Amino acid sequence: MKRSYISEIKDREFESFFFDKNNVSMSSYRVDPKTNLPLLYLKDNKKALWQKFEAIYPDGIKRTSFMTRLENGRYIYKQDLGGLYDICNEYCYEVFDTLINLVRSNVKQELRVLILK
């Protein structure tokens, strides 16, 4: 069995990629229990992040190492929301603005109806 360790340069490339706010959102209240560092929420799916990383660092770590570090690290991707996270990510959370505006307009209409009665 042969093991190869990630060089310090490649390790810094990985870390700098995930310090970019275009790729992650840092939790302000949850921390990783192993490292006591804030959890990082991925803004894109793992495949898309890999493609971005590979484009920026073509000589960086390999795909398997990249995915393994995401699995075992402090990185969280919300796949359990049935696609909602992808939709919100794609539309920059404008979906919630639309929902809020719909609720506000319906509440105003209901109040007008109640006042007129």
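Heads up: these notes are all about the structure in this document. Just so we're clear, the structure is a prediction, and the values are computed from it rather than from any experiment.

Parameters at a glance
- Residues numbered from 1 in each chain as written.
- Predicted model: local features only at pLDDT ≥ 70, side-chain atom pairs only at ≥ 80, totals over all residues.
- Heavy atoms only, no water.
- Pairing = 2+ DSSP bridges.
- Helix = DSSP H or I, 4+ residues; strand = E, 2+ residues; numbered from the N terminus.
- Axes fitted to C-alpha atoms, helices over the stretch in contact; angles between N-to-C directions.
- Parallel < 35°, antiparallel > 145°, perpendicular 65-115°, else oblique.
- Left-handed = near helix turned anticlockwise from the far one by under 90°.
- Contact = heavy atoms within 4.5 Å.

Things to note about the sheet that holds strand β3 (residues 75–76)
Here is step 1: The 3 strands lie next to each other as β1-β2-β3, forming an open sheet whose pairing is mixed. Taken across any chain shown, the strands that pair with only one partner, and hence form the sheet edges, are β1 (24–31) and β3.
Here is step 2: When strand β2 (residues 38–42) meets β3, the two strands line up parallel, connected through 2 bridges. In the sheet register, Tyr41 faces β3, and the bridge partner there is Ile76.

Description of the packing of helix α1 (residues 8–17) against helix α2 (residues 46–56)
Here is step 1: Two elements in contact, α1 and α2, have axes whose closest approach is 11 Å; the angle formed by their N-to-C orientations is 125 degrees. Classified by the angle between their axes, α1 and α2 sit oblique to one another. You can see that α1 and α2 cross each other, and the crossing is right-handed. Contacts from Glu13, Phe14 and Phe17 in α1 reach Leu49, Lys52, Phe53 and Ile56 in α2.

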